[in-house]
Amino acid sequence: MSSLTALARALAVRAQAAQPIATVRHVHLSERPLVLIPLTMAGEANAPLAAMVGSAADQPRLLVVPQPRNRDQRFRFAADLGDIVKSYVDSFARHQEDVKGRRRFADAPQLLVPNPGGIEFVRLFGRSTRLRRTWGEYAVKPVVPTLGKWLTFFAERAEHPGSSLMLAMTSALSMHWATGQSAVEDANLAALLAWFGDDPFEAALAAEDPERWPPAGPATDPTFDAATLAPAIERYGKTDADSIARQMTFERLAAALRTQLEPTWQLMWQGIDLLRALPPGASVVERWADDRDAYSNYVTYLDSGGGLPQARRDSAVAAARRLNRLERAQALFDAQRALDDPLVMAEFRLTGEAFAGEVVAAEPNRLDASGARRKLRPHVTVRTSDPLRLGIGTDVQSPSRRSQTGRIVAIDGPDVVLELTGGMGRALTPAPGSVPEVGEHVTYSTVSTSFQPGGNFPSAEDTPWTHGGPPPPPEPTEEDAVEAWS
């Protein structure tokens, strides 16, 4: 926890209200997200029990597995969920736009789940369905492995820093607001949203009562399991198939599960409204364009006749490359958030990696004649009261002029003299507004969004013997899917 977040939590307790730790929204929010609230059966590895899913607040659809241990019923649930997910993701693969000579879709799907546990459910459920066969013994409907491929795609993008293709609501809210409770308590969606009401202490206490606010999944409440769920499943199993009694028993079971899911459904849309009220950060559009690229590329891959399921695990080289990509993406996401948001940048000011102040002197037309030809190199002097831990020669960047670089050339007490390059046009006189003026409040930091080259990794054929030599290409097997269920 950062110093400012800790302070915001203390202020939240005093004010009895959630405190903003961001001034803009750092995630993209679709106009038509697909909300998925999964429930799994206790004691079974990722065995689906029910799910509430839909892309409109007033149109939730409830899917129920009355016998979660029954393989046929599990895959019937997967087929029903697959029809919904496939219809949703395909609806975005219609309108394309031209971007530098290539085509991509103008929009992309977005999957929202209540918490990180929902992301883990999607990952495991995708793994257990994408490897299923659509022929032979234990064949499933073709939509089942398609569902698995898409769920795996969403789960992998959820690991990518800055991606908004799949979000956990508790994580998205905690990125923008601090409450007066611990991070563990913030993982409870009802308790987290209680801090946006009139009486957060009482509401947060009520959120701990599973009868008033059931868990947001994928785990269920043990009391509900023992008192309601287990007897209902047992009654369903004892009734004759295709009988009126079984249908009535199923409806009662579905009604009981609906009481566990509807409160979270309402909370999810409440969280969406809170996030939607924030203006998007300047870099959100760029990151969403990357998400649309990823979605467009995957649709093209599936439509090209390939469409093989993702491997069960990466090879050594592929895993190293993926880790390197994620690390570079995290560094870029952190930099973009800081440049987009003064509250995030304040953390860097506390550590001395950034400073803010007023411009007290400026030489906008200064020329550097030391080289073969003269170059425009304005000087500006910034007076700051921030703790400065940057030395002479350090390159810095301003959030308001991202195409411009400033180099510290002198420090005189609270005054910092910067030499500016770039972002002023090609002439020997700067374009209007491109150089900070006297009296302007500016911020400079070492935070940079400049391109970071990827690491150098050996090819798969040159994998060292310490990693098992050149690994054979992974081939999904029936055992992979069976293990995922066990």
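Provided above is the structure to which this section pertains.
Asker: Residue-level account of the overall build of the protein chain, with values.
Answerer: Counting its regular elements, the protein chain contains 14 helices and 17 strands. Expressed as a percentage of the 486 residues in the protein chain, the buried residues total 47%. For the protein chain, the share of sequence-separated contacts (at least 6 apart) that also reach a separation of at least 24 residues comes to 69%. Here the protein chain has roughly 24,000 Å² of accessible surface; of this, 52% comes from carbon and sulfur atoms. Each charge sign in the protein chain was given a centre, from 51 positive and 59 negative side chains, and these centres are 5 Å apart.

Asker: Give me the lowdown on the pattern of salt bridges, citing residues and values where you can.
Answerer: Counting across every chain of the model gives 18 salt bridges. Between Arg322 and Glu159 there is a salt bridge whose closest N-O contact spans 2.3 Å. Here Arg322, found in helix α12 (residues 316–340), pairs with Glu159, found in the loop between α4 (143–158) and β8 (166–168); they are 163 residues apart in sequence, far enough to count as distant. Between Glu440 and Arg401 there is a salt bridge, with its nearest N and O atoms 3.1 Å apart. Of this pair, Glu440 sits in the loop between β16 (415–421) and β17 (441–445) while Arg401 sits in strand β15 (residues 401–412), and the two are 39 residues apart along the sequence. Taking the relative accessible area as the measure of exposure, Arg401 reaches 14% and is therefore buried.

Asker: Can you lay out the packing of helix α9 (residues 222–238) against helix α10 (residues 244–276) for me, pointing to particular residues and giving the numbers?
Answerer: Running from amino to carboxyl end, α9 crosses α10 at an angle of 160°, the nearest separation of the two axes being 9 Å. It follows that α9 is roughly antiparallel to α10 by the angle criterion. When the axes of α9 and α10 are compared, the crossing they make is left-handed. Between α9 and α10, the contacting residues are Phe224, Thr228, Leu229, Ala232, Arg235, Tyr236 and Gly237 on the first element and Arg246, Thr249, Phe250, Leu253, Ala256, Leu257 and Gln260 on the second.

Asker: How would you explain the sheet that holds strand β7 (residues 111–113) if you had to name every residue and give the values?
Answerer: Adjacent strands of a sheet form backbone hydrogen bonds with each other and so pair up, either parallel or antiparallel. The strand order across the open sheet built from 5 strands is β4-β3-β2-β7-β8, with neighbouring strands paired in mixed fashion. The outermost strands of the open sheet, each flanked by one partner alone, are β4 (61–64) and β8. Sheet twist, expressed as the mean angle between neighbouring strand axes with direction ignored, is 20°. For β7 and β8, the ladder comprises 3 bridges, and the chain directions are parallel. Pairing of Leu111 across the sheet is with Met166, part of β8.

Asker: Outline the packing of α4 against helix α11 (residues 284–303), supporting the account with residue identities and numerical values.
Answerer: The contact between α4 and α11 brings their axes to 12 Å, and the two run at 155°. When the interaxial angle is binned, α4 and α11 end up roughly antiparallel. Once α4 is placed against α11, the crossing between them reads as right-handed. Of the residues in α11, those touching α4 at Lys149, Trp150, Phe153 and Arg157 are Asp290, Asp291, Ala294, Tyr295, Tyr298, Val299 and Leu302. Within the contact of α4 with α11, the residues separate by chemical class into 7 nonpolar, no polar and 4 charged.

Asker: Break down the environment of Ala172 for me, with residues and values.
Answerer: You can see Ala172 is positioned in helix α5 (residues 169–174). Along the sequence, Ala172 and Asp98 sit 74 residues apart, while their C-alpha atoms lie 31 Å from each other.

Asker: Please set out the packing of aromatic side chains residue by residue, giving values where relevant.
Answerer: Enumeration over the complete set of coordinates arrives at 16 aromatic pairs. On the basis of an interplanar angle of 40° and a centroid distance of 5.9 Å, the ring pair of Trp150 and Tyr295 is categorised as tilted. Taken together, the residues Trp150 in helix α4 and Tyr295 in helix α11 connect sequence positions 145 residues apart. Where Phe153 meets Phe154, the ring centres are 5.7 Å apart and the plane angle is 65°; that geometry is what we call edge-to-face.

Asker: Hey, could you go over the layout of surface pockets for me, with residue numbers and the actual values?
Answerer: Considering only enclosed or pocket space, the largest pocket measures out at about 1,300 Å³ in volume. The wall of the largest pocket is formed by 42 residues, among which Glu156, His160, Arg322, Arg325 and Leu326 lie closest to the centre. Every element with two or more residues in the lining of the largest pocket is listed here: α3 (116–130), α4, α11 and α12. In terms of residue count, α12 provides more of the lining of the largest pocket than any other element does, 11 residues in total. Along the lines of polarity and charge, the residues of the lining of the largest pocket split into 15 nonpolar, 11 polar and 16 charged. As a volume, the second largest pocket reaches approximately 480 Å³. When residues of the lining of the second largest pocket are traced back to their parent elements, those giving at least two are α1 (3–15), β1 (19–20), α5, α6 (183–186) and α13 (342–350).

Asker: Account for the environment of Ala168, naming residues and giving values.
Answerer: Structurally, the position occupied by Ala168 is in strand β8. Spatially, the C-alpha atoms of Ala168 and Ala318 are 26 Å apart, while their sequence positions differ by 150 residues. Here Ala168 is in contact with Val113, Pro114, Asn115, Pro116 and Ile119, once residues within four sequence places are set aside.

Asker: Requested: an account of the environment of Ala362, with residues and values cited.
Answerer: Positionally, Ala362 belongs in strand β10 (residues 354–363). Judged by relative accessible area, Ala362 falls into the partly exposed class, the value being 30%. A sequence separation of 16 residues divides Ala362 from Pro378, and the C-alpha atoms of the two residues are 7.5 Å apart. In this view, Ala362 contacts His379, Val380, Pro436 and Val438; residues no more than four positions away in its chain are not counted.

What counts and how
- Residues numbered from 1 in each chain as written.
- Predicted model: local features only at pLDDT ≥ 70, side-chain atom pairs only at ≥ 80, totals over all residues.
- Heavy atoms only, no water.
- Helix = DSSP H or I, 4+ residues; strand = E, 2+ residues; numbered from the N terminus.
- Buried < 20%, exposed > 50% of the residue type's maximum accessible area, 1.4 Å probe, protein only.
- Contact = heavy atoms within 4.5 Å.
- Areas by Shrake-Rupley, 256 points an atom, 1.4 Å probe, with all protein chains shown as cover.
- Lys, Arg positive; Asp, Glu negative; His and termini not counted.
- Charge placed at Lys NZ, Arg CZ, Asp CG, Glu CD.
- Salt bridge = Lys/Arg side-chain N within 4 Å of Asp/Glu carboxyl O.
- Axes fitted to C-alpha atoms, helices over the stretch in contact; angles between N-to-C directions.
- Parallel < 35°, antiparallel > 145°, perpendicular 65-115°, else oblique.
- Left-handed = near helix turned anticlockwise from the far one by under 90°.
- Pairing = 2+ DSSP bridges.
- Nonpolar A, V, L, I, M, F, W, Y, C, P; charged D, E, K, R; others polar.
- Phe/Tyr/Trp six-rings, centres within 6.5 Å; stacked < 30°, edge-to-face > 60°.
- 1 Å grid on protein atoms, 1.4 Å probe; cavity = no way out; pocket = protein on both sides within 12 Å on 5 of 7 lines; lining within 4 Å.
- Points joined across faces, edges and corners; volume = space filled by probe spheres on them.

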